[in-house]
Amino acid sequence: MDVLEIKEDHIGDVVVLSLRGLIDSGTSLLLEDRFRSLAAVSDVRVVVDLREVDYISSAGWGIFVGEIKGFRERNGDIKLSGMRPDVRDVFDLLEFNTLLEPHASKEDAVEAFAPERDATSGGGHI
C-alpha cells in the first residue's frame, strides 16, 4: 500500500507542504484535495518540500501541472523544493521547469516569493 504524508507549516505568509512517501495514482488525490482547498483562497503562495518523496508518477506530476492554473488565477503560486536526484531527473525530462519553479531548499523557495510579494503589495521602497 502506497502512503503519502502531508505536513503543513507556515513560514511568514507562505504555506509549506512537506511531503513524505510516494505520489502516484493511489496517493495523488490526497495532494489534489490539499491543493484545491489552498487554491480556493486568493494570493496563496505554496512551497512543496519534496525532500522525503521517493517517487512521483505521471499521475502525481499531473496534479502539480493541473492545479497550478488555479493558484495563478488567484494571484498565488506553487514552488518546489528539495527534489531527490531520481525525482529531479523525471522533472527535467518532462521539462516541467517551464511550468514549476524548482529550488534546492524550502528556504530558497520561500525567499523566491519575496519579489512577488513586494510587487503585489505595492512594495514601494522610498
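For the structure, check the block above.
Worth saying up front: this structure is predicted, and the values here are computed from it rather than measured. (Residues numbered from 1 in each chain as written. Predicted model: local features only at pLDDT ≥ 70, side-chain atom pairs only at ≥ 80, totals over all residues. Heavy atoms only, no water.)

Undergrad: Would you take a moment to explain helix α2 (residues 58–73) for this structure?
TA: Three- or four-residue spacings in an α-helix give side chains the same orientation, since the helix completes a turn every 3.6 residues. Its 16 residues place the ends of α2 24 Å apart at the C-alpha level, agreeing with the 22 Å of an ideal helix rising 1.5 Å per residue. Most pronounced at E67, the bend in α2 amounts to some 25°. Within the sequence span of α2, burial applies to G60, W61, I63, F64, E67, I68, G70 and F71. Elements in contact with the buried residues of α2: β2 (14–23), α1 (28–39), β3 (45–56), β4 (77–81) and α3 (85–93). Looking one or two places after α2, you find N75, whose phi comes out positive at around 65°. (Helix = DSSP H or I, 4+ residues; strand = E, 2+ residues; numbered from the N terminus. Expected span 1.5 Å × (residues − 1). Bend = angle between axes of the 7 residues up to and from the residue. Buried < 20%, exposed > 50% of the residue type's maximum accessible area, 1.4 Å probe, protein only. Contact = heavy atoms within 4.5 Å.)

Undergrad: Looking at this structure, how should I read the environment of F113?
TA: Within the element layout of this structure, F113 appears in the loop between α4 (106–112) and α5 (114–120). Linking F113 and L19, residues 94 residues apart in sequence, is a C-alpha distance of 20 Å. Here F113 is in contact with V14, R45, V46, V47, D77 and K79, once residues within four sequence places are set aside.

Undergrad: Explain the sheet that holds strand β1 (residues 4–11) here, please?
TA: Within a sheet, neighbouring strands are paired by backbone hydrogen bonds and run either parallel or antiparallel to one another. Pairing is mixed across the open sheet formed by five strands, whose spatial order is β1-β2-β3-β4-β5. Of all strands in the sheet, those with a lone pairing partner are β1 and β5 (101–103), marking the two edges. Adjacent strand axes in the sheet meet at a mean angle of 25° when their direction is disregarded. Examined bridge by bridge, β2 and β3 share nine bridges and lie parallel to one another. Bridged to G21 within β3 is V53. Where α3 meets the sheet, it contacts β3, β4 and β5, and its direction lies at approximately 115° from that of β3. (Pairing = 2+ DSSP bridges. Axes fitted to C-alpha atoms, helices over the stretch in contact; angles between N-to-C directions.)

Undergrad: Help me understand the packing of aromatic side chains in this model?
TA: The way to describe two aromatic rings as a pair is by their centre distance and the angle between their planes. Within this structure, the stated rule accounts for six aromatic pairs. Ring plane angle 65° and centroid distance 5.6 Å describe the contact between F35 and F64, whose orientation is recorded as edge-to-face. With F35 in helix α1 and F64 in helix α2, this residue pair connects regions lying 29 residues apart in the sequence. Across the pair, F64 and F35 agree in class, each one buried. When the ring of W61 is compared with that of F64, the centres are 5.5 Å apart and the planes differ by 45°; the resulting orientation is tilted. Here F64 and W61 lie together in helix α2, a separation of three residues that amounts to about one turn. On the basis of relative accessible area, F64 is assigned to the buried category, the value being 0%. (Phe/Tyr/Trp six-rings, centres within 6.5 Å; stacked < 30°, edge-to-face > 60°.)

Shape descriptors only; they carry no functional weight alone.
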